[in-house]
Amino acid sequence: MGSQNAFRSVERNPLLSFGVISDVQYADIPDGHSFLGTPRYYRHSILVLQRAVQNWNNCQKLKFVINFGDIVDGFCPKDQSLNAVKKVINEFDNFNGHVYHMIGNHCLYNLPRHKLLPLLKIPAPDRHAYYDFSPIPEYRFVVLDGYDISAIGWPEDHPNTEKALKFLSEKNPNSEKNSPEGLVNLERRFLKFNGAVGKEQLDWLDRVLHDATNLNQKVVVCCHLPLDPGSSSKEALLWNYDEVMDVIHRYNCVKVCLGGHDHRGGHSIDSHGVHHRVLEAALECPPGTDAFGYIDVFDNRLSLIGMDRMKSTDMVFTS
């Protein structure tokens, strides 16, 4: 499937191409399992990243790479967190181009925002991690901070922490706030390892999309947390994905939303024709297997050419 998509993608030159990877979650610890029993390969994941960088460099056409968050695992011993984060960033820095990072919950388990964001070179003020960039006139990329309102990463007395804890106490009656027990259907997203986009960021998103519409740009929205129930397990969704999508659906410029967090990956097309593609995790690749890829950007579609466990996906725009 990957080779077929790769062959088709060279039928005409893409406007631009960029690399993608998600959920490396490296740690120098023995292999383990997720809460649901899925094997996790903490040491092997950095080898996946190394092969990804080599592949991207060999490709010689990629303008940049986007890392979809969770570069270091929460089980990483805390006295190793800083060095582990630096080690993974150094691997990304071997790419012959710019790497755009975003934060995930596992990043924030290891380091607070004020230490993490400078290491990731995230170009946003006030310890926020949302930003946009336009590598070519025809397209704009928007990177959301899915842990803007979050019980992790901010200081304990920060208003965003207090908002998150109050929200969780109202939405999740369990003493263990990472447990969805008793929560029904979409309520199962109200877990501590998720987060929300705050009002200030929602207003910023609206302004960016308004500007992109005026410039006749197509927009790709990137967020560690998935934004559509059809592309993800309910437990992995952004707390207020519906509010974010309400803003996105006001405009016709957003064509694709890309995410991570839900390690099995997924793809859906929502009621407004927006594609949602959640990327398979590097962490869950057994030794010798991979999950990364690159995306060819055309006027009427994005084509993900996936390696191994990352499924190749054509995302054709309906309008």
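The paragraphs below set out a description of the structure included in this document. A quick note: this is a predicted structure, and the numbers were derived from the prediction, not measured. (Residues numbered from 1 in each chain as written. Predicted model: local features only at pLDDT ≥ 70, side-chain atom pairs only at ≥ 80, totals over all residues. Heavy atoms only, no water.)

## Quick look at the overall build of the protein
Of regular secondary structure, the protein possesses eight helices and 14 strands. Whereas a compact globule of 319 residues would reach a radius of gyration of roughly 20 Å, the protein reaches 18 Å, a difference of no more than 12%. Taken along its principal axes, the extent of the C-alpha atoms in the protein is 55 × 45 × 35 Å. When each of the 319 residues of the protein is scored for burial, the buried share is 59%. In the protein, 67% of the contacts between residues at least 6 apart in sequence involve partners at least 24 apart. Roughly 13600 Å² of accessible area belongs to the protein as shown, and the carbon and sulfur atoms make up 50% of that amount. (Helix = DSSP H or I, 4+ residues; strand = E, 2+ residues; numbered from the N terminus. Rg over C-alpha atoms; globule rule 2.2 N^0.38 Å. Buried < 20%, exposed > 50% of the residue type's maximum accessible area, 1.4 Å probe, protein only. Contact = heavy atoms within 4.5 Å. Areas by Shrake-Rupley, 256 points an atom, 1.4 Å probe, with all protein chains shown as cover.)

## Comments concerning the nonpolar core
With 96 residues, the main nonpolar core has Trp56, Ile66 and Phe141 as its most contacted residues. The next biggest cluster of nonpolar side chains, apart from the first, holds seven residues, and it includes Ile149, Ala151, Ala164 and Trp239. (Core = buried A, V, L, I, M, F, W, Y, C linked by side-chain atoms within 4.5 Å.)

## A word on the pattern of salt bridges
Counted under the stated rule, the structure contains 15 salt bridges. Its salt-bridge partner being Lys61, residue Asp296 comes within 2.9 Å of it at the nearest N-O pair. With Asp296 in strand S12 (residues 291-297) and Lys61 in the loop between helix H2 (44-59) and strand S4 (64-67), this residue pair connects regions lying 235 residues apart in the sequence. For Lys61, a relative accessible area of 31% puts it in the partly exposed group. Between Asp203 and Lys199 there is a salt bridge; the shortest N-O distance is 2.8 Å. With Asp203 and Lys199 both in helix H7 (residues 199-214), this residue pair falls four residues apart, about one helical turn. A single salt-bridge network, built from bridges that share partners, covers Asp132, Arg140 and Asp211. (Salt bridge = Lys/Arg side-chain N within 4 Å of Asp/Glu carboxyl O.)

## A few points about unusual backbone geometry
Here the phi dihedral of His261 falls at roughly 75°; this positive angle occurs in a residue that is not glycine. If you trace the backbone, His261 turns up in the loop between strand S9 (254-259) and strand S10 (266-269). In this structure, Asp308 is a non-glycine residue whose phi angle is positive, near 60°. Residue position: Asp308 is located in strand S13 (residues 301-308).

## A word on helix H5 (residues 113-120)
For H5, the complete set of buried residues consists of Arg113, Leu116, Leu117 and Leu120. The buried side chains of H5 occupy one side of the element, clustering within an arc of 95° when seen end-on. Downstream of H5 by one or two residues, Lys121 has phi in the positive range, about 55°. (Arc of directions from axis to C-beta.)

## Some remarks on the packing of H7 against helix H8 (residues 241-248)
Two measures define how a pair of helices packs: the angle their axes make with one another and the distance between the axes. Interaxial distance between H7 and H8 falls to 9 Å at its minimum, and their mutual angle equals 25°. It follows from the interaxial angle that H7 and H8 lie roughly parallel. Our pair here, H7 against H8, has a crossing hand that is right-handed. Contact residues: H7 offers Leu202, Leu205, Asp206 and Leu209, while H8 offers Glu243, Val244, Val247 and Ile248. (Axes fitted to C-alpha atoms, helices over the stretch in contact; angles between N-to-C directions. Parallel < 35°, antiparallel > 145°, perpendicular 65-115°, else oblique. Left-handed = near helix turned anticlockwise from the far one by under 90°.)

## Here's the deal with helix H6 (residues 159-171)
Taking 1.5 Å of rise per residue, the 13 residues of H6 would be expected to cover 18 Å, and the 18 Å separating its terminal C-alpha atoms lies within 8% of that figure. Considered for burial, the residues of H6 that qualify are Asn160, Thr161, Ala164 and Leu168. With its buried residues spanning 100° around the axis, H6 presents them on a single face. Opposite its buried face, H6 presents the exposed residues Lys163, Lys166 and Glu170, each directed more than 90 degrees away. (Expected span 1.5 Å × (residues − 1).)

## Focus: the pairing of strand S1 (residues 16-21)
Judged by how many residues are buried, S1 sits mostly within the fold: six of six residues are covered. Side chains Leu16, Phe18 and Val20 of S1 all project onto a buried face; the interleaved residues Ser17, Gly19 and Ile21 project onto the opposite face, where all are buried too. Both S1 and S12 contribute to a ladder of five bridges, which runs antiparallel. Looking across to S12, one finds that Val20 is bridged to Gly293. (Pairing = 2+ DSSP bridges.)

## Here's the deal with the sheet that holds S9
What links the strands of a sheet is backbone hydrogen bonding, and the strands pair in either a parallel or an antiparallel sense. Strand order in the open sheet made by the six strands is S6-S7-S8-S9-S11-S10, with mixed pairing throughout. The open sheet terminates on both sides in strands that have one partner only, identified here as strand S6 (131-136) and S10. Sheet twist, expressed as the mean angle between neighbouring strand axes with direction ignored, is 15°. The pairing of S6 with strand S7 (residues 139-143) spans four bridges and is classified as antiparallel. Counterpart to Tyr131 in the pairing with S7 is Val143.

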